[in-house]
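Now for the letters of each chain:
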Amino acid sequence: MSMTTRTDTQSPAPHVADSHDLIRVHGARENNLKDVSIEIPKRRLTVFTGVSGSGKSSLVFNTIAGESQRLINETYSAFVQGFMPTLARPEVDVLEGLTTAIIVDQQRMGADPRSTVGTATDANAMLRILFSRLGKPHIGPPNAFSFNVASVRASGAFTVDRGADRTKAVKKTFTRTGGMCTRCEGRGKVSDIDLTQLFDDTKSISEGAFTIPGWKSDSFWTVRLFAESGFLDPNKPIRKYTKKEMHDFLHREPTKVKVEGVNLTYEGLIPKIQKSFLSKDREAMQPHIRAFVDRAVAFTACPECGGTRLSEAARSSRIGGINIADAYAMQISDLAEWVRGLDEPSVAPLLAALHHTLNSFVEIGLGYLSLDRPSGTLSGGEAQRVKMIRHLGSSLTDTTYVFDEPTIGLHPHDIQRMNDLLLRLRDKGNTVLVVEHKPETIAIADHVVDLGPGAGAAGGTVCFEGTVEGLRAGGTITGRHFDDRASLKETVRTPTGTLEIRGATANNLRDVDVDVPLGVLAVVTGVAGSGKSSLVHGSIPAGAGVISVDQGAIRGSRRSNPATYTGLLDPIRKAFAKANGVKPALFSANSEGACPNCNGAGVIYTDLAMMAGVATTCEECEGKRFEASVLDHHLGGRDISEVLAMSVTEAEEFFGVGEARTPAAHRILGRLADVGLGYLSLGQPLTTLSGGERQRLKLATHMAEKGGVYVLDEPTTGLHLADVEQLLGLLDRLVDSGKSVIVIEHHQAVMAHADWIIDLGPGAGHDGGRIVFEGTPADLVAARSTLTGKHLSAYVGT
């Protein structure tokens with residue numbers, strides 16, 4: 001009876017705590033968002049799509065994840081908050097149902113010479129403890145194995161004040177054992193000056209032997225000082241100098257000499273060059289000086305530590321014949337095997353944690369890296385996956401994971417593995433938010449939010465919310481292009497020449513010989529870690545006239561904008577100055593024309609210590625950044641602030657005809673429109689641009705250069721399916737104008753459109769580094785002999 005009663009009774013009403021199963025966003029206005037209101041299901045995989053610049057990052061990162069992080073930071077004391085990044089509250093009316101957000105973005109890792117994959121992931125820290133416990137001979141604590149810690153010894157006395165007339169002298173001795181190589185200071189490389197770039201040894205000083213920029217033969221402080229110092233014969237060819245003369249010429253210590261009655265200091269050429277060129281910041285140098293320094297200074301592996309960064313003592317301690325430098329240099333997949341073979345109960349928890357970290361590398365497709373790889377050399381996609389490692393296998397649930405295009409830098413073969421990881425995170429009960437363009441990842445979403453319809457001011461609204469099937473059926477740009485497939489070219493271009501690469505051995509390349517065809521669109525492909533960048537960036541011979549457009553971040557502050565970055569502002573300032581009979585500096589917000597109240601920033605920043613600083617629009621210039629008198633000067637009926645507020649498309653029209661016609665400005669604007677940035681406003685701060693926009697801005701800038709060979713590193717990064725078509729048109733125009741284009745790419749549409757494909761592999765790391773295919777895309781599809789061939793064949797539907 002009781003059984004029947006229990007079955008018949010209604011199930012209790014759901015607990016109120018279980019009703020919070022949505023993240024609600026109402027009235028989001030961050031950047032270009034136009035009062036966006038959406039509801040995102042929790043514990044599901046939601047993918048955000050839309051053209052580049054449509055507002056995806058503004059909604060996901062700046063609004064949802066940004067507010068979550070700000071609220072978490074507020075739970076700490078004011079003292080602790082003072083050490084944390086300060087975050088402003090996003091422009092949004094209501095945010096409900098937020099959970100703790102873990103952001104895994106594409107920000108490149110710091111390129112500090114001391115930062116490696118191992119130091120960035122805690123793997124080095126665990127290995128150091130392991131060697132300090134098990135290494136034979138025992139040389140000291142974990143710091144003794146760190147290449148970032150120098151050995152220090154100190155001794156002395158200090159006085160302790162204990163009140164009136166009570167002081168006590170205390171003697172102390174302090175020692176710390178570090179693992180840093182003393183010669184290279186833990187950098188692994190030492191700089192070496194290439195003397196052939198400084199002088200021509202077949203000539204004498206009086207015949208103009210020096211090839212250093214700015215060293216004129218009549219210069220009192222340089223050439224004449226060497227010629228008339230009395231240490232050297234100015235008429236003798238440098239190669240005929242005696243041993244003593246050569247030492248005086250290159251290495252002599254600073255010595256007082258008298259030249260034509262003037263007291264001067266003579267010193268050897270190498271210390272003089274080091275002081276005058278190498279002590280300066282490379283970025284601040286003039287381009288021709290920077291080019292000279294790049295030619296003259298070579299960085300070679302440190303002869304003392306062999307590039308391992310570690311002292312001899314740190315390298316002497318071994319576990320089963322392996323020292324810590326060997327462990328750092330091993331491919332991570334091999335290192336994981338070695339750690340698995342260590343069976344030592346006294347360090348069992350440490351071995352388990354280390355094994356988990358190394359296995360995560362392998363699982364995420366980064367088993368081909370080594371722990372001593374400098375973190376600055378990782379691509380954006382690799383950096384993002386390295387950051388993911390600490391979250392794999394985490395016991396946390398009910399958190400929000402936010403990913404920014406996790407498939408960047410991944411071959412189609414690797415995308416499936418990334419999809420599995422995203423689904424695993426979701427299945428543990430987490431909310432996963434992904435900003436993504438690749439249809440393979442959009443297809444696995446439980447929920448899709450499509451932003452648009454356009455970019456910049458034309459975007460910022462929700463065009464579609466729902467399932468993937470609904471997106472396909474919907475009429476949005478993403479829906480229409482979702483099943484787009486590029487077809488193979490019927491005819492391919494004929495090369496006009498070849499770029500020869502011989503005996504390439506950079507990183508994992510196995511003595512590769514390849515002829516890259518010129519005058520065509522050549523695509524270099526292969527799984528992540530197969531050696532593509534090593535071949536293209538690391539092996540192309542110097543002097544080949546190559547212009548490289550990589551994915552490195554654009555340097556620029558909030559005062560920088562597309563107009564200043566591309567050099568567009570120079571002709572505009574000159575045109576304004578000429579039309580009004582005043583000087584060009586007035587039309588720069590960073591120079592004489594700046595509003596005196598806000599110094600040309602347009603806003604006044606108030607620092608509030610541990611709380612987010614407040615930016616208020618300058619009352620004097622109303623955010624226009626210029627002083628009032630400057631705005632009285634017009635060109636074509638517009639003042640300078642109105643011109644900077646124009647979009648590229650408007651400005652191209654404005655500077656093309658009539659009184660404002662400025663060919664130099666029009667050319668730059670044409671290039672910006674060519675790369676698909678017609679919607680950007682000229683004065684938009686660079687800090688607000690998305691990753692894809694920054695790379696295209698860089699490409700537009702480089703298109704003006706005179707080189708004949710362009711090397712593009714994954715130009716489809718951050719591009720929507722609809723924009724890839726436009727990119728292919730741009731690449732075609734570049735090739736048809738007589739340029740050679742070499743593209744490192746994983747996107748099958750670009751592969752299908754190529755004239756020639758070079759495929760590296762067959763695997764990653766030491767399983768790659770070989771050319772597995774060279775030929776046309778049609779031949780690659782027909783052969784289906786490589787992983788790329790199989791995926792491209794499936795893509796074009798053959």
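Source: prediction; values computed, not measured. (Residues numbered from 1 in each chain as written. Predicted model: local features only at pLDDT ≥ 70, side-chain atom pairs only at ≥ 80, totals over all residues. Heavy atoms only, no water.)

**Q** Any chance you could explain the overall build of the protein here in plain terms?
**A** Counting its regular elements, the protein contains 29 helices and 27 strands. For the protein, the C-alpha atoms occupy an extent of roughly 115 × 80 × 80 Å along the three principal directions. The buried share among the 798 residues of the protein stands at 49%. The long-range fraction of contacts in the protein, counting pairs at least 24 apart against all pairs at least 6 apart in sequence, stands at 66%. A total of about 37500 Å² of accessible surface is found on the protein, and carbon and sulfur atoms cover 51% of it. (Helix = DSSP H or I, 4+ residues; strand = E, 2+ residues; numbered from the N terminus. Buried < 20%, exposed > 50% of the residue type's maximum accessible area, 1.4 Å probe, protein only. Contact = heavy atoms within 4.5 Å. Areas by Shrake-Rupley, 256 points an atom, 1.4 Å probe, with all protein chains shown as cover.)

**Q** What exactly am I supposed to notice about the confidence of the model for the protein here?
**A** Predicted coordinates in areas of low pLDDT are best not read in detail. Per-residue confidence for the protein gives a mean pLDDT of 87; residues scoring 70 or more make up 95%. Looking over the protein, one finds the lowest element-wise mean pLDDT in helix H1 (residues 2–8), namely 47, and the highest in strand S3 (residues 45–49), namely 97. The low-confidence segment residues 1–7, where pLDDT is below 50, has zero contacts with residues more than four positions distant or belonging to other chains. (pLDDT = per-residue confidence, 0-100.)

**Q** Looking at this structure, I do not really get empty space enclosed by the protein. What am I missing?
**A** A probe as big as a water molecule, rolled over the atoms, marks out the empty space that is left. Enumeration according to the criterion identifies two cavities of 30 Å³ or more in this entry. By volume, the largest cavity amounts to about 140 Å³. Lining of the largest cavity is provided by 19 residues; of these, Glu-405, Lys-438, Thr-716, Thr-717 and His-747 occupy positions nearest its centre. Among the residues making up the lining of the largest cavity, the classes are represented as five nonpolar, nine polar and five charged. As for the second largest cavity, its lining consists of Val-549, Gln-695, Arg-696, Leu-699, Leu-712, Pro-715 and Leu-727. Ranked by the residues each element gives to the lining of the second largest cavity, the list is headed by helix H25 (residues 691–702), at three residues. (1 Å grid on protein atoms, 1.4 Å probe; cavity = no way out; pocket = protein on both sides within 12 Å on 5 of 7 lines; lining within 4 Å. Points joined across faces, edges and corners; volume = space filled by probe spheres on them. Nonpolar A, V, L, I, M, F, W, Y, C, P; charged D, E, K, R; others polar.)

**Q** Honestly, the nonpolar core in this entry has me stumped. Any pointers?
**A** For soluble globular proteins, the rule of thumb is that nonpolar side chains tend to be buried together. In this structure, Leu-127, Leu-130, Leu-335, Trp-338 and Phe-403 are the most contacted members of the largest nonpolar core, which totals 67 residues. By residue number, the principal contributor to this core is helix H5 (residues 123–134), which donates six residues. Here Trp-338 is in contact with Phe-131, Ile-319, Ile-322 and Met-330, once residues within four sequence places are set aside. Leu-569, Leu-644, Leu-680 and Val-781 belong to the second largest nonpolar core, which has 66 residues in total. (Core = buried A, V, L, I, M, F, W, Y, C linked by side-chain atoms within 4.5 Å.)

**Q** Looking at this structure, how should I read unusual backbone geometry?
**A** Trans is the common state for peptide bonds, and a negative phi is the common state for residues other than glycine. At the junction of Lys-136 and Pro-137, the peptide bond is cis and its omega measures out at -5° in the coordinates. Tracing the chain through its elements places Pro-137 in the loop between H5 and strand S6 (152–161). A cis geometry characterises the amide bond from Gly-761 onward to Pro-762, with omega recorded as 0°. Secondary-structure assignment places Pro-762 in the loop between strand S26 (756–761) and strand S27 (770–775). Of note in this structure, Glu-185 is not a glycine but carries a positive phi near 55°. Owing to a relative accessible area of 43%, Glu-185 belongs among the partly exposed residues under this scheme. A positive phi angle is found at Arg-625, which is not glycine, with a value near 80°. Within the fold, Arg-625 resides in the loop between strand S23 (611–617) and helix H22 (640–644). Arg-625 sits in the buried class, given a relative accessible area of 14%.

**Q** Would you mind going over the side chain of Ser-530 with me for this structure?
**A** Among the secondary structure elements, Ser-530 is positioned in the loop between strand S20 (521–526) and helix H19 (532–539). Since its relative accessible area comes to 0%, Ser-530 is described here as buried. A polar contact is formed between the side chain of Ser-530 and the backbone oxygen of Val-527, at a distance of 2.8 Å. Dropping the residues within four chain positions of it, Ser-530 is found in contact with Asn-508, Leu-760, Gly-761, Gly-763, Ala-764, Gly-768 and Gly-769. (Polar contact = N/O pair within 3.5 Å; in protein donor to acceptor, adjacent residues only side chain to side chain.)

**Q** Explanation requested: the sheet that holds S3 in the structure shown.
**A** Note: strands within a sheet are paired through backbone hydrogen bonds, in either parallel or antiparallel orientation. Strand order in this open sheet of six strands is S5-S14-S15-S3-S16-S17, and the pairing throughout is mixed. Both edges of this open sheet fall to strand S5 (101–104) and strand S17 (461–466), since each of them pairs with a single strand only. Strand-to-strand twist of the sheet, defined as the mean angle between neighbouring strand axes without regard to direction, takes the value 15°. The pairing of strand S16 (residues 447–452) with S17 spans five bridges and is antiparallel. Residue pairing in the sheet places Asp-450 in a bridge with Phe-464 of S17. Here helix H2 (residues 56–73) sits on the sheet and contacts S3, S5, strand S14 (400–404), strand S15 (431–435) and S16; the angle it forms with S5, its principal contact strand, is near 130°. (Pairing = 2+ DSSP bridges. Axes fitted to C-alpha atoms, helices over the stretch in contact; angles between N-to-C directions.)

**Q** How should the pairing of strand S1 (residues 22–28) be read in this particular structure?
**A** Looking along a regular strand, one sees side chains alternate from face to face of the sheet. Note that S1 and strand S2 (residues 36–41) share five bridges and pair antiparallel. Looking at the pairing, Ala-28 lines up with Val-36 of S2. The pairing of S1 with strand S4 (residues 94–96) spans three bridges and is antiparallel. Bridge pairing in S4 places His-26 opposite Val-94.

**Q** What am I meant to see in the pattern of salt bridges here?
**A** Two side chains of opposite charge can pair, provided their charged atoms sit close to one another. As enumerated under the stated definition, the model contains 30 salt bridges in all. Here Glu-74 ties to Arg-70 by a salt bridge, and the two come within 2.8 Å at their closest N and O atoms. The exposure class of Glu-74 is partly exposed, given its relative accessible area of 44%. Given the relative accessible area of 14%, Arg-70 is considered buried. Between Lys-236 and Glu-245 there is a salt bridge, with the nearest N and O atoms lying 2.8 Å from each other. When its relative accessible area of 13% is taken as the criterion, Glu-245 is described as buried. (Salt bridge = Lys/Arg side-chain N within 4 Å of Asp/Glu carboxyl O.)

**Q** Help me out: how do you make sense of the side chain of Arg-70 in this one?
**A** Looking at where Arg-70 falls in the secondary structure, it is placed in helix H2. Contacts of Arg-70, omitting those with residues within four sequence positions, involve Leu-87, Ala-88 and Arg-89.

**Q** Before we go on, may I ask you to explain the packing of aromatic side chains in this structure?
**A** Any aromatic ring pair is given by two values, namely how distant the centres are and how the planes are angled relative to each other. Under the counting rule described, the total for this entry stands at 14 aromatic pairs. Plain terms: the ring middles of Phe-231 and Tyr-266 are 5.0 Å apart, the flat faces sit at 50° to each other, and that makes the pair tilted. You can see Phe-231 sitting in the loop between helix H6 (223–227) and helix H7 (243–251) and its partner Tyr-266 sitting in strand S10 (residues 262–266), a full 35 residues away along the chain. Ring geometry for Tyr-401 versus Phe-403: centroids 6.4 Å apart, planes at 15°, classification stacked. Assigned by exposure class, Tyr-401 and Phe-403 land together as buried. An aromatic cluster is built from Phe-199, Phe-210, Phe-226, Phe-231, Tyr-241, Phe-249 and Tyr-266, whose rings are joined through pairwise contacts. Lying over the aromatic face of Phe-147, Arg-309 brings its terminal NZ or CZ to 5.0 Å of the ring centre. The cationic tip of Arg-638 hangs over the ring face of Phe-654; the distance from NZ or CZ to the ring centre is 5.8 Å. (Phe/Tyr/Trp six-rings, centres within 6.5 Å; stacked < 30°, edge-to-face > 60°. Lys NZ or Arg CZ within 6 Å of the ring centre and 35° of its normal.)

**Q** In this structure, what is going on with helix H14 (residues 380–388)? I would like to understand it.
**A** Taken across its nine residues, H14 has eight buried, putting it largely inside the fold. Three or more residues of H14 are buried, namely Gly-380, Gly-381, Glu-382, Ala-383, Gln-384, Arg-385, Val-386 and Met-388. On its buried face, H14 sits against S5, helix H13 (348–363), S14 and helix H15 (412–427).

**Q** Sorry if this is basic, but what is going on with the pairing of S20 here?
**A** Among the six residues in S20, six count as buried, and that is most of the element. Here S20 shows two buried faces, one formed by Leu-521, Val-523 and Thr-525 and the other by Ala-522, Val-524 and Gly-526. In the sheet, S20 pairs with strand S25 (residues 740–744) via four bridges, with the strands oriented parallel. Bridging across to S25, Val-523 finds its partner in Val-743.

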